[in-house]
Amino acid sequence: MSTPLTQRAPQVGRSSPAGYRGTKVRRQRVRAAWLFLAPMLVALALVAGWPLLRTFYFSFTDASLSDTTGAAFIGFENYLVYDDGAWYGLLTDPAWWTSVWNTIYFSIVSVSLEVVFGIIVALLLNVEFKGRMLVRAAVLIPWAIPTIVSAKMWAWMLNDQFGIINHLLMALGIIDSPIAWTASASYSMWAVIMVDVWKTIPFVALLVLAALQMLPKDCFEAAEVDGIHPIKVFFRVTLPLITPALLVAVIFRLLDALRVFDVIYVLTSNSTDTMTMSIYARQQLVEFQDVGYGSAASTMLFLIIALAVVIYLYLGRRQLGVDQ
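The rules behind these values
Residues numbered from 1 in each chain as written. Predicted model: local features only at pLDDT ≥ 70, side-chain atom pairs only at ≥ 80, totals over all residues. Heavy atoms only, no water. Patch = residues over 30% accessible without salt bridge, like charges linked within 9 Å, V, L, I, M, F, W, Y side chains within 5 Å. Areas by Shrake-Rupley, 256 points an atom, 1.4 Å probe, with all protein chains shown as cover. Salt bridge = Lys/Arg side-chain N within 4 Å of Asp/Glu carboxyl O. Lys, Arg positive; Asp, Glu negative; His and termini not counted. Charge placed at Lys NZ, Arg CZ, Asp CG, Glu CD. Helix = DSSP H or I, 4+ residues; strand = E, 2+ residues; numbered from the N terminus. Buried < 20%, exposed > 50% of the residue type's maximum accessible area, 1.4 Å probe, protein only. Axes fitted to C-alpha atoms, helices over the stretch in contact; angles between N-to-C directions. Parallel < 35°, antiparallel > 145°, perpendicular 65-115°, else oblique. Left-handed = near helix turned anticlockwise from the far one by under 90°. Contact = heavy atoms within 4.5 Å. Nonpolar A, V, L, I, M, F, W, Y, C, P; charged D, E, K, R; others polar. Core = buried A, V, L, I, M, F, W, Y, C linked by side-chain atoms within 4.5 Å. Expected span 1.5 Å × (residues − 1). Polar contact = N/O pair within 3.5 Å; in protein donor to acceptor, adjacent residues only side chain to side chain.

Caption draft 1: A positive patch on the surface, seen in detail. Together, K24, R26, R27 and R31 line one region of the surface with positive charge. Among the structural elements, R27 can be located in helix α1 (residues 17–58). Exposure remark for R27: the relative accessible area of 53% places this residue in the exposed category.

Caption draft 2: Representation of the pattern of salt bridges within the structure. Inspection of the entire model under this criterion finds five salt bridges. One salt bridge connects R253 with E114, and the closest N-O pair in it is separated by 2.7 Å. Here E114 lies in helix α2 (residues 94–125) and R253 lies in helix α9 (residues 230–258), a separation of 139 residues in the sequence. Here R253 matches E114 in class, with each residue buried. In this structure, D256 and R253 form a salt bridge, with 3.3 Å as the shortest nitrogen-oxygen distance. Note that D256 and R253 are positioned in helix α9 at a spacing of three residues, about one turn of the helix. Looking at D256, the relative accessible area reads 32%, which means it is partly exposed. Residues joined in a network through salt bridges with shared partners are E114, D196, R253, D256 and R259.

Caption draft 3: The arrangement of the packing of helix α7 (residues 188–213) against α9 in detail. One can describe the packing of α7 onto α9 by two numbers: an axis separation of 9 Å at closest approach and a directional angle of 140°. By the angle between their axes, α7 is oblique relative to α9. Handedness of the crossing formed by α7 with α9: right-handed. Every residue of α9 that contacts α7 at D196, T200, F203, V204, L207, V208, A211 and L212 is listed here: T238, I242, A245, L246, V248, A249, F252 and R253. Residue composition of the contact of α7 with α9, grouped by class: twelve nonpolar, two polar and two charged.

Caption draft 4: Up close: the side chain of T274. Within the secondary structure, T274 sits in the loop between α10 (262–268) and α11 (277–287). Sequence-distant contacts of T274, defined by excluding residues within four places in its chain, comprise N102, S188, M189, V192, I264, T268 and I279.

Caption draft 5: Representation of the nonpolar core in the model. Membership of the largest hydrophobic core comes to 61 residues, with the highest contact counts inside it found for L90, W96, F106 and V208. For this core, the secondary structure elements donating two or more residues are α2, α5 (147–157), α7, α9, α10, α11 and α12 (291–320). For F106, the residues in contact, after removing those within four places along its chain, are V111, M189, V192, I193, D196, A257, V260 and I264.

Caption draft 6: Structural context of α7. Taking 1.5 Å per residue, 26 residues should reach 38 Å; α7 reaches 38 Å between its end C-alpha atoms and fits that length. Summarising burial for α7: 19 of the 26 residues are buried, a large majority.

Caption draft 7: Representation of the side chain of T299 within the structure. Along the chain, T299 turns up in helix α12. Within polar-contact distance, the side chain of T299 engages the backbone oxygen of S295 at 2.8 Å. Look past the residues within four positions of T299 in its chain and what remains in contact with it is T55, F56, S59 and Y79.

Caption draft 8: Fine view of the environment of A281. Note on placement: A281 falls in helix α11. A281 gets classed as buried once you look at its relative accessible area, which sits at 4%. Linking A281 and V135, residues 146 residues apart in sequence, is a C-alpha distance of 40 Å. Not counting chain neighbours up to four residues away, the residues in contact with A281 comprise G294, A297 and S298.

Have a look at this one:
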């Protein structure tokens, strides 16, 4: 007995006109996106890609700053080599691993403090009060100041002889004698963290404030009517809604913190207590004029940053529930 036509299963593999049009429109949008991105990608390849490839190449040579054209290929000797019963190279240098630890410590502490204080500042600026626009503009001043200028300004204020920080603390009776904030092994790292946090809190606050301005007001009004405590509303409603903006802020700040150079170099120069991977690479390249070894350090810095970004993006996508 034959099956009626109305009861037959639909043929597999035949797409509907709407699905076809959707696929066609999507392909057109992708082509248009690549067309607009092409000039930027070409510029990035010329400005960033070529120097990066040369750095990779120099890391496998014995190039020096005085002669980069006559460099000989030496393989992985700048990274790790076994010679005369001992290991040599970047991966066995205690100063390198100290700089790696300093960079990671600086990044974790500074970015964490920036996120916490940035959220607090954004919540305060989101409240309506007289002069709010003026306060918002004033909060952005530390971020608008060039890093070199702000670091030099703080270097003068933290000076142990004529700095205003020591003068105020001694006037308040908090300390008995001046403290060498940028020269002491106990305080130098915290000094540079404080300066970095002071400068970059406005950046995080600006992104969080933009996210707060986009939140729907209905849920907060309903929570207020129900008498829910504001702290509970923040952790249950506000924080989950602004998480995407926080992820963007953290990824940008993490990239800056991992490759930090200027603020630390101005405040503490080549001090081993605060030396980061960027400062270590600069020391090898410029002061020791060892382009091959310095390029190896720069390459490792790039790989560490890339690994940190990939891990962070993966965890962020899982947090947001984004699937491929």
